[in-house]
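Each chain, letter by letter, is given below.
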Amino acid sequence: MSDLRADIIVVGAGHAGIEAALAAARMGVDTVVFTTNLDAVGNMPCNPSVGGSAKGHLVFEIDALGGEMSRAADAVTIQSRTLNLGKGAAVHSKRVQADRDAYKRYMKRALEKEPKLRLIQGQVTQILTEESEGKRKIKGVITELGEVWLANRVIIATGTFLESEIFVGDKVYSAGPDGMMASRGLSASLASLGVSLRRFKTGTPARVHRRSIDFSQLEAQEGENVATPFSTLSDPEKIDPRLVDCHIVYTNANTHRIIKDNLSKSAMYSGNIVGTGPRYCPSIETKIVRFKDKERHQLFVEPCGLDTDEMYIQGFSTSMPTDVQYEMLRSLPGFEKAEIMRYAYAIEYDSADPLGLLPTLEFKCVSGLYGAGQFNGTSGYEEAAAQGLVAGINAALAELGREEMILPRSSSYIGMLIDDLVTKGTEEPYRVMTSRSEYRLLLRQDNADERLTEIGRRVGLIDDERYAAYLEKRRLVAEEIERAKRTVIAPSEEVNKFLADHSSSEINTGIRLCELIRRPELDYEALSAIDTGRPTLSRAVTMSAEINIKYEGYIKRQLSEVAKSEKLESRLIPEDIDYSKIYGLRTEAVEKLSEIRPKSLGQASRISGVSPADISVLMIRLGIS
Ligand SMILES: Cc1cc2nc3c(=O)[nH]c(=O)nc-3n(C[C@H](O)[C@H](O)[C@H](O)COP(=O)(O)OP(=O)(O)OC[C@H]3O[C@@H](n4cnc5c(N)ncnc54)[C@H](O)[C@@H]3O)c2cc1C
């Protein structure tokens, strides 16, 4: 058959593959996406939720760049909450409970509807390359059915499927998540091309039937009253943040005893599993071992959707044998009669060393080959989607002969995530955290659109309607900040009673509204009582205006730090530089610089093992004062 070709082939229709395929097709490039199972497009093999600490920031950023996860999450939200409200605005993180099946349906439809995109069920088992100008270059792929598909670029987004194995106690078998088949053969093909692979692992808890849980013994956790959508294109009126409750339950001494007594039966502790797991998503047995003195661990009981009785027990992932899983579960209050619908398990899989990638997520060893998602060594739907978007955009830009897109660390958590991966690497599944960024105060949820929409527009993923909405929001935020700066609140009995009621010092002369907003004990919403002339504005606008006013000083300081770091970021290093010939560079620095081949002095300065002295030597060599 002759038309077995595309400009770009995406291997995988998980969270990374979806964003990569949609971005490339929407940028006008002929794209094909393969998945081993069409009924599992956008599957959530772990918690049925989108967002959370720092992950929420990623979703807002995906939206600003023109990605899809944000709109999908808004469309299938069954509960919404904002985490870390007790902390500063920079770490406020939106998290939604998503209807897992509705999410899959939404994403499959999104792929099916895209004119330039073909979605195909099939397993890619081999990557085809050819030599061109002394370099290895992508030619296409071969599927398990022996079909040869030609393409100029291939994006690998195979998640947790490569040579994956499932572990439940001493049982080990070849399979992917949720009973799907493992991906066989592709790892060997990638390794033969010079892609460095290593074994990672992750795990998931059991799913329990709702009818078998006595909720009267659990603590309910409701959604927030009003939700700000992830996407500027979503209608907030259409989102009900309190459709379902989640519940909280705690482990107890009996649970801990059962786990300790059976620790050797856990695949994790029997030595069966060799892969490295995510430090920030430990199994319950690891928590018991690591935090010996902790009397109880908090677990969240989360509905998996509106049209299912499956309940997800967050924080209780394990690789214990099935009988022990029952014992552990039934030791929890309210779970005495628990019925398991899906057993917990651990999964081990091949993932690539991201030090082999350029900041565009193209592999250094094969031009036209890109990596995205869990395959690159991360963990999480949001991290995967962010990388898929960047890989899809860059593969399409290369296909269109246009300038690549590299997001600096100061622009976004997406930029930070990718820079961490390709510059520092990771020895375990990497999870995004706000503490990883040196620009936290600038990288907030409320201003993701300000930071990235122009870039999304440049690459061709932000259409006119959307761009107009963004410009309008920006105008309204600026106007509201101006209004707060010029509005004077006059002293009066009513005003001073309001201030006293909020333990805020009374005034005896006029004070500008912005001064009151800056008072830690006051906020924009509360001040509506004495700020009677305020316009009706969306929550997204008021939130952004308030944060810009409240943290104005800090924001200015961080912006000057960014300006300083940009000096080093803008100093590019010639691609063909030979570090072994630079006098004064330490051996370790020569090795690391030659391996990672940083694009800029800024990236070079972040490589572990490269000291400030090495950077000065490099600057002299490059004639930079
Ligand atoms: C058991 C388990 C527990 C997890 N626990 C957590 C957690 O606690 N916290 C967390 O943040 N994340 C967790 N995750 C990770 C989260 O699920 C992933 O981060 C996310 O799904 C990664 O998205 P992805 O697009 O990279 O890959 P995936 O969602 O895994 O999608 C991969 C896609 O590639 C396709 N595919 C694979 N090989 C081939 C091939 N050869 N040919 C064609 N198609 C192929 C598959 O069909 C699938 O469509 C867990 C995952 C699993 C499996």
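Everything numeric in this text was worked out from a predicted model, so none of it was measured.

S.K.: I'd like a description of the nonpolar core, backed by residues and values.
M.R.: In terms of nonpolar packing, the biggest core is built from 101 residues, with Ile9 and Ile127 touching the most fellow members. By residue number, the principal contributor to this core is helix 9 (residues 381–399), which donates 11 residues. Setting aside its immediate chain neighbours within four residues, Ile9 contacts Val32, Phe34, Val141, Trp149, Leu150, Ala151, Arg153, Val154 and Ile155. Among the nonpolar cores identified, the runner-up in size contains 23 residues, and Ile213, Val249, Ile284 and Ile313 belong to it.

S.K.: Summarise helix 4 (residues 100–113); cite the residues concerned and give the values.
M.R.: Compared with an ideal rise of 1.5 Å per residue, which puts 14 residues at 20 Å, helix 4 spans 20 Å between its outermost C-alpha atoms and is within 8% of the ideal. Those residues of helix 4 not exposed but buried are Arg100, Ala102, Tyr103, Lys104, Met107, Ala110 and Leu111. The inward-facing, buried residues of helix 4 contact helix 1 (15–26), strand 3 (49–51), helix 3 (69–75), strand 5 (93–98), strand 6 (117–121) and strand 19 (340–342). Its side-chain oxygen 3.3 Å from the backbone nitrogen of Asp101, Asp99 forms the N-cap of helix 4.

S.K.: I'd like to hear about the site of the ligand, residue by residue, with values.
M.R.: Inspection of the region around the ligand gives 35 residues, with Ala16, Thr36, Ser183, Gln374 and Gly380 positioned closest. A distance of 2.9 Å separates an oxygen atom of the ligand from a polar backbone atom of His15. In the complex, 96% of the free accessible area of the ligand, which totals 990 Å², lies under the protein chains. Looking at the shell around the ligand element by element, the count peaks at 3 residues for strand 13 (residues 197–204). Class assignment of the residues belonging to the shell around the ligand gives a composition of 16 nonpolar, 18 polar and 1 charged.

S.K.: How would you sum up the pattern of salt bridges? Please name residues and give values.
M.R.: Two side chains bearing opposite charge may form a pair once their charged atoms approach each other closely. Counting across every chain of the model gives 53 salt bridges. A salt bridge links Arg475 to Glu479; its shortest N-O distance comes to 2.5 Å. Of this pair, Arg475 and Glu479 both sit in helix 12 (residues 464–486), separated by 4 residues, roughly a single helical turn. Residue Arg475 is classed as partly exposed on the basis of its relative accessible area of 38%. Between Glu552 and Lys556 there is a salt bridge, and its shortest N-O distance comes to 3.4 Å. Remark: Lys556 and Glu552 occur in helix 16 (residues 552–569); sequence separation between them is 4 residues, near one turn of the helix. Under the relative-accessibility criterion, Glu552 is labelled partly exposed at 21%. Judged by its relative accessible area of 54%, Lys556 is exposed. Several salt bridges converge on common partners, so that one network encompasses Arg409, Asp419, Asp420, Lys424, Glu438, Glu569 and Arg606.

S.K.: An account of unusual backbone geometry is needed here, citing residue identities and associated values.
M.R.: In this structure, Glu133 takes a positive phi of about 45° despite not being glycine. Assignment of secondary structure puts Glu133 in the loop between strand 7 (124–132) and strand 8 (135–143). Glu133 gets classed as exposed once you look at its relative accessible area, which sits at 82%. Even without being glycine, Arg597 reaches a positive phi, approximately 50°.

S.K.: So what's going on with the side chain of Arg534? Residues and values would help.
M.R.: Along the chain, Arg534 turns up in the loop between helix 14 (513–518) and helix 15 (539–550). In terms of polar contacts, Arg534 uses its side chain to reach the side chain of Asp531, at 2.8 Å. Residues within four places of Arg534 in sequence aside, it is in contact with Arg483, Tyr524, Glu525, Leu527 and Ser528.

S.K.: Lay out the sheet that holds strand 14 (residues 207–209) in plain terms, naming residues and giving numbers.
M.R.: On the basis of which strands lie adjacent, the open sheet formed by 6 strands has the order 15-16-17-18-14-19 and antiparallel pairing. Each edge of the open sheet is held by one strand with a lone partner, namely strand 15 (219–221) and strand 19. Pairs of neighbouring strands in the sheet enclose a mean axial angle of 35°, with direction left out of account.

S.K.: Give a detailed account of the sheet that holds strand 3, specifying residues and quantitative values.
M.R.: Read from one edge of the open sheet, 3 strands run 3-5-4, paired in antiparallel fashion. Two strands in the sheet have a free side with no partner beyond their single neighbour: strand 3 and strand 4 (77–83). Here the strands of the sheet are splayed against their neighbours by 20° on average, with no regard to which way each runs. Bridge count for strand 3 against strand 5 is 3 bridges, and the pairing is antiparallel. Residue pairing in the sheet places Val50 in a bridge with Val96 of strand 5.

What counts and how
Residues numbered from 1 in each chain as written. Predicted model: local features only at pLDDT ≥ 70, side-chain atom pairs only at ≥ 80, totals over all residues. Heavy atoms only, no water. Core = buried A, V, L, I, M, F, W, Y, C linked by side-chain atoms within 4.5 Å. Buried < 20%, exposed > 50% of the residue type's maximum accessible area, 1.4 Å probe, protein only. Helix = DSSP H or I, 4+ residues; strand = E, 2+ residues; numbered from the N terminus. Contact = heavy atoms within 4.5 Å. Expected span 1.5 Å × (residues − 1). Polar contact = N/O pair within 3.5 Å; in protein donor to acceptor, adjacent residues only side chain to side chain. Near = heavy atom within 4 Å. Areas by Shrake-Rupley, 256 points an atom, 1.4 Å probe, with all protein chains shown as cover. Nonpolar A, V, L, I, M, F, W, Y, C, P; charged D, E, K, R; others polar. Salt bridge = Lys/Arg side-chain N within 4 Å of Asp/Glu carboxyl O. Pairing = 2+ DSSP bridges. Axes fitted to C-alpha atoms, helices over the stretch in contact; angles between N-to-C directions.

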